[in-house]
Amino acid sequence: ALGRGLGVCSTPGCRAVLGEPLGNPERPPALTLGQWQLLTELLHHDPATPELGAVLTPDGSTVALGPLLAGIEAGLRSGGFGRPLPTLDPPADPLLAVTIAEALGTSFLLAQGGDNNATALGPGGCWDDVENPQNYTLRGPPSPVPDPVAIGAMDGTVLGARLAQGPLPVAELLRGYYGTGNGSEAGRPPSSYRRRDFGALAGQGRLEKEVAAVLGLLRTLSPTSELLRDMGTQEVAAVARRAAREFSERYVECPAIVPRCLWGADPYRGTPALLQPPLSSVFLHHTLEPSQPCRTFGACAHAMRNMQRFHQDTRGWDDIGYSFVVGSDGYLYEGRGWHWVGAHTKGYNTQGFGIGIIGDFTASLPDPDTLALVRDELLPCAVRSGHIRSDFTLRGHRQLGHTDCPGNALFQEIQSWPGFQ
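Quick notes on the rules
Residues numbered from 1 in each chain as written. Predicted model: local features only at pLDDT ≥ 70, side-chain atom pairs only at ≥ 80, totals over all residues. Heavy atoms only, no water. Domains from an automatic or database assignment. Contact = heavy atoms within 4.5 Å. Buried area = accessible area lost by both parts, 1.4 Å probe. Helix = DSSP H or I, 4+ residues; strand = E, 2+ residues; numbered from the N terminus. Expected span 1.5 Å × (residues − 1). Buried < 20%, exposed > 50% of the residue type's maximum accessible area, 1.4 Å probe, protein only. UniProt positions renumbered as here; feature names shortened; annotations may be inferred. Salt bridge = Lys/Arg side-chain N within 4 Å of Asp/Glu carboxyl O. Phe/Tyr/Trp six-rings, centres within 6.5 Å; stacked < 30°, edge-to-face > 60°.

Enquirer: Explanation requested: the domain arrangement of the chain in the structure shown.
Expert: Accessible area lost when the parts come together is the quantity often used to give the size of an interface. Parsing the chain into structural domains produces domain 1 (1–253) and domain 2 (261–415). In this structure, domain 1 and domain 2 have C-alpha centres spaced 32 Å apart. Contacts between domain 1 and domain 2 engage 21 residues on the former and 16 residues on the latter. For the pair domain 1 and domain 2, the two sides together bury roughly 1500 Å², of which 54% comes from carbon and sulfur. Contact with domain 2 buries area across many residues of domain 1, yet Val130, Arg188 and Glu253 alone supply 35% of it, more than any other trio.

Written out as structure tokens, the structure reads:
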């Protein structure tokens, strides 16, 4: 209620689903004045500064609170808690309407009507200090769906769908979903599966249908009716198709990559050399140190900083050597990334990407989800996005140098993977 009173969910479609806000609510007795002030600051919605109202969650994701809370409210109300939701005409799923469908439809309409450089999705952003985050800054001109809004929308959809099955205390729901991040978890938090879980609830075909339905609803509402005034049914369908496809490609079918600025990377030393994609090879490594897989964002970010320090200060390299590093927390970590020549496989660095999995895999394997993240998500995504060739070859580090890397167990495993040679 506080968020709604402060302008969260203030768009025409969201108001049509959840109703008009009730004005500024009173502070509940359960909250201290400090907590109330913090919430008021976090939830004060200002479309001109979309980086406000985003929080860094324990799993390392930056989540916009607006679509998250809208999804939670829609889920609670469809589960019988609070006022019932209205029946929309044309029929649309209220949960998807308030989390992603309206924002996505509006974003692609504006990008289509604007100049050729207008983007409909992104950008991402970074926090000023990973250990003590205060300020978040977007890394480019914002669209209506910057990365935190996309992530908040996916989380709002997943959690709203859970609440529609029956109410649960919201604090318990959030704590269980994002994990506590104190390093004690045995497995990954459910939030690290958001892309898979959102895809199961709203695959590309379903998302396309819901974006088209919401655009139909916006035709009847002011001021969005102006945006759609000269558009026929087929044009609206084309916008919905493109929006669903591009959102799915960016946020559902490809794994999340934690950017350098978020794990606290030091600057590159010297001048990086550009790669010439698509590359023909992928080289798989294990890090050996740390020998234990990292299972939380904090532990993985710490391991990344230690590896970079070792590669730069002890080995004398310009930067961390790997192109990407894989944690057992469900995330990839950006090393040299897609564009710059790495220092991972001597003599072959310009020919392929070096992927390191955190841990020592001489005698044991990474957990099945971590293997699947590389085999079933990263590699197909790299082909689709043009970074590697469709007929790429996959090799273990030991095939190209005097080393036991990537460990006996992991080397045995990858021999059954697509592209292994």
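Moving on, there is more to tell.
Enquirer: Quick question: what am I supposed to make of helix 4 (residues 65–78) here?
Expert: At 3.6 residues per turn, the α-helix brings residues three or four places apart onto the same side. Spanning 14 residues, helix 4 covers 20 Å between terminal C-alpha atoms, matching the ideal 20 Å at 1.5 Å per step. Summarising burial for helix 4: 11 of the 14 residues are buried, a large majority. Every buried residue of helix 4 is accounted for by Leu65, Pro67, Leu68, Ala70, Gly71, Ile72, Glu73, Ala74, Gly75, Leu76 and Arg77. Looking one or two residues past helix 4, Gly80 carries a phi angle of roughly 95°, positive in sign.

Enquirer: What should I look at first to understand the UniProt feature "domain: N-acetylmuramoyl-L-alanine amidase" (unreviewed entry) in the chain in this one?
Expert: In the UniProt entry, the feature "domain: N-acetylmuramoyl-L-alanine amidase" (unreviewed entry) is given for residues 267–407. Secondary structure content for residues 267–407 is 25% helix and 21% strand, while the C-alpha to C-alpha distance between its ends is 30 Å.

Enquirer: Got a minute to help me understand the UniProt feature "domain: Peptidoglycan recognition protein family" (unreviewed entry) in the chain in this structure?
Expert: Under the present numbering, the feature "domain: Peptidoglycan recognition protein family" (unreviewed entry) in UniProt falls on residues 255–401. End C-alpha to end C-alpha, residues 255–401 measures 29 Å, and it is 27% helix and 21% strand.

Enquirer: I'm lost on the pattern of salt bridges in this one. Help?
Expert: Pairs can form between side chains of opposite charge whenever their charged atoms are close. Applying the stated criterion across every chain yields a total of 21 salt bridges. Measuring nitrogen to oxygen at the nearest pair gives 3.1 Å for the salt bridge that ties Arg250 to Asp147. Of this pair, Arg250 sits in helix 11 (residues 233–252) while Asp147 sits in helix 6 (residues 147–164), placing them 103 residues apart in sequence. Its relative accessible area of 36% is what places Arg250 among the partly exposed residues. Judged by relative accessible area, which is 18%, Asp147 ranks as buried. Here Glu208 ties to Arg241 by a salt bridge, and the two come within 3.6 Å at their closest N and O atoms. One end of the pair, Glu208, is in helix 9 (residues 204–218); the other, Arg241, is in helix 11, and 33 residues separate them in sequence. Each of Asp93, Arg206, Lys209 and Glu210 takes part in salt bridges that share partners, so that together they form one network.

Enquirer: Would you mind going over the packing of aromatic side chains with me for this structure?
Expert: For any pair of aromatic rings, the description rests on two quantities: the centre-to-centre distance and the angle between the ring planes. Applying the stated criterion to the full structure yields 8 aromatic pairs. Ring plane angle 80° and centroid distance 4.8 Å describe the contact between Tyr177 and Tyr178, whose orientation is recorded as edge-to-face. Like Tyr178, Tyr177 is buried. Plain terms: the ring middles of Phe283 and Tyr348 are 6.0 Å apart, the flat faces sit at 65° to each other, and that makes the pair edge-to-face. With Phe283 in strand 6 (residues 279–286) and Tyr348 in the loop between strand 8 (332–334) and strand 9 (352–357), the pair connects residues that are 65 residues apart, well separated along the chain. Under the relative-accessibility criterion, Tyr348 is labelled partly exposed at 28%.

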